[in-house]
Amino acid sequence: MSEFKALTESVIKGDIKAAVVETQIALDAGSSVRDILDKGLIAAMDEVGERFSKGLIFVPQMLRSAKTMQECMKLLEPFFEEGDVTPKGKVLIGTVKGDLHDIGKNLVAMMMEGAGFTIADLGVDVSPERFVQKAQEIEPDIVAMSALLSTTMPAMPQTIEALRKAGIRDKVKVMIGGAPVTEKYAHEIKADSYASDAGSAVSKAKQLLGIS
Ligand code: B12
């Protein structure tokens, strides 16, 4: 937890005011946005998940921590701009059917946008049909899916299959991610790419489209 102990504890407690103040203090002290995210906010959510698994906290507390993290992320968002605004490509992103987790997906969307990608965000609980419909409408370069539950991961291959049936699988690159998702799983379901975090999602997306 180190230098971000106070921030991490406020997020775990779901104390929005304190967490926002701590985020600002960290920024003012010159901490990098990456460290604030990884060592502060994401570390806190990992601890929240652990406590939930152990039955020490319940859904309402998890929700409160999520809200707290989202408020802190608002302060970090302006720093995601890379400065290079050359259009990089269009990304259609969403959290798969049955899954309501969106913090990681939002972070990926924010970082990609900051790196010059155009983002169409379908939100959470997105059915394969909805992915297909929107993909037909906007013709994205990449369809990006997020899943945080092992029970919703199968919606990823279902969406890939729906894209295939609609005749557009070959026209888009499919990228997947989320805590339970792995490179191996991406390979199994024939996704084109997997990234473990938002930063590498940006570089993998660039790789997919052949841009450096
Ligand atoms: C916050 C939270 C919630 C909040 C979500 C609020 C919100 N707006 O998102 C609420 C309270 C709603 C919730 C509900 C539930 N949750 Co929950 N939740 C969490 C928690 C604590 C944090 C998730 C998070 O935001 N992490 C921070 C973000 C930044 O990390 P991330 O999502 O992993 O994203 C990063 C990478 O994975 C990657 N990434 C993510 N998406 C994508 C997409 C692409 C394309 C790419 C390339 C990369 C990528 O990049 C991100 C940034 O680096 C996790 C624990 C954990 N450690 O993950 C449990 C957890 C995911 N939840 C869990 C469970 C069980 C549930 C419930 C079923 C609980 C219940 N009994 O009702 C429900 C399910 C609701 C539903 N249908 O979706 C389990 C899942 C177990 C499993 N493997 O299946 C976990 C792991 C907790 C646990 N340890 O038991 N949850």
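Up top is the structure these notes are about.
Just so it is clear, the structure is predicted and the values come from calculations on it, not from any experiment.

1. With respect to the site of the ligand
Inspection of the region around the ligand gives 39 residues, with Ser53, Leu100, His101, Asp102 and Ser146 positioned closest. Measuring from a nitrogen atom of the ligand, one finds a side-chain N or O atom of Asp46 at 3.2 Å. Within the backbone of Gly49, an N or O atom sits 3.1 Å from a nitrogen atom of the ligand. Secondary-structure elements contributing two or more residues to the shell around the ligand are α3 (33-53), α4 (59-76), α5 (103-114), β3 (142-146), β4 (173-177) and α9 (198-208). Here the shell around the ligand gets seven residues from one element, more than from any other, and that element is α3. Residue composition of the shell around the ligand, grouped by class: 23 nonpolar, eleven polar and five charged.

2. Details of α5
A rise of 1.5 Å per residue sets the reference length of α5, with its twelve residues, at 16 Å; its end C-alpha atoms lie 16 Å apart and thus fit the reference within 8%. Those residues of α5 that sit buried are Ile103, Lys105, Asn106, Leu107, Val108, Ala109, Met110, Met111, Met112 and Gly114. Following α5 by one or two positions, Gly116 has its phi on the positive side, about 105°.

3. Quick look at the pattern of salt bridges
Going through the model one piece at a time under the given rule, you end up with 13 salt bridges. The shortest N-O distance in the salt bridge between Lys105 and Asp121 comes to 3.0 Å. Pair noted here: Lys105 is in helix α5 and Asp121 is in strand β2 (residues 117-121), with a separation of 16 residues, a long-range link. For Lys105, a relative accessible area of 3% gives the class buried. What emerges from the salt-bridge pattern is a single network uniting Arg34, Asp38 and Asp197.

4. What to know about unusual backbone geometry
Residue Asp125 is not a glycine yet carries a positive backbone phi of 55°. The partly exposed category is assigned to Asp125, whose relative accessible area is 42%. Its identity is not glycine, yet Lys190 carries a phi of approximately 60°, on the positive side. Tracing the sequence through the fold places Lys190 in the loop between α8 (183-188) and β5 (193-194).

5. Focus on α9
Along α9, the residues that are buried comprise Ala198, Ser200, Ala201, Val202, Ala205, Lys206 and Leu208. Those residues of α9 that are buried lie in contact with α5, β2, β3, β4 and β5. Where α9 starts, the residue carrying a side-chain oxygen 3.0 Å from the main-chain nitrogen of Gly199 turns out to be Asp197. Positive phi appears at Gly210, one or two residues downstream of α9, with a value of about 70°.

6. Some words on the pairing of β2
Where strand β1 (residues 89-95) lies against β2, five bridges are found, and the strand directions are parallel. Considered in β2, the bridge of Gly89 is made with Phe117. Regarding the hand of the β-α-β motif, the stretch spanning β1, α5 and β2 is right-handed.

7. Some points on the environment of Glu77
One can find Glu77 in the loop between α4 and β1. For the pair Glu77 and Ile36, spaced 41 residues apart in sequence, the C-alpha to C-alpha distance is 12 Å.

8. Notes on the nonpolar core
If you look at the biggest cluster of nonpolar residues, it comprises 40 residues, and the most contacted ones within it are Leu7, Leu37, Leu41, Met73, Leu76, Phe80 and Met112. Those elements that provide at least two residues to this core are α1 (5-13), α2 (16-28), α3, α4, β1, α5, β3 and α9. Other than its neighbours up to four places away in sequence, Leu7 contacts Ala19, Glu22, Thr23, Ile36, Gly40, Leu41 and Cys72. One finds Leu92, Met153, Ala186 and Ile189 within the second-largest nonpolar core, a separate group that totals 28 residues.

9. A closer look at the pairing of β3
β3 sits mainly inside the fold: five of its five residues count as buried. Along β3, one buried face is formed by Ile142, Ala144 and Ser146 and the opposite face, lined by Val143 and Met145, is buried too. Alignment of β1 against β3, held across five bridges, turns out to be parallel. Bridge pairing links Ile93 to Ala144 in β3. Alignment of β3 against β4, held across five bridges, turns out to be parallel.

Quick notes on the rules
Residues numbered from 1 in each chain as written. Predicted model: local features only at pLDDT ≥ 70, side-chain atom pairs only at ≥ 80, totals over all residues. Heavy atoms only, no water. Near = heavy atom within 4 Å. Polar contact = N/O pair within 3.5 Å; in protein donor to acceptor, adjacent residues only side chain to side chain. Helix = DSSP H or I, 4+ residues; strand = E, 2+ residues; numbered from the N terminus. Nonpolar A, V, L, I, M, F, W, Y, C, P; charged D, E, K, R; others polar. Expected span 1.5 Å × (residues − 1). Buried < 20%, exposed > 50% of the residue type's maximum accessible area, 1.4 Å probe, protein only. Salt bridge = Lys/Arg side-chain N within 4 Å of Asp/Glu carboxyl O. Contact = heavy atoms within 4.5 Å. Pairing = 2+ DSSP bridges. Right-handed = clockwise from strand over helix to strand, strands pointing away. Core = buried A, V, L, I, M, F, W, Y, C linked by side-chain atoms within 4.5 Å.

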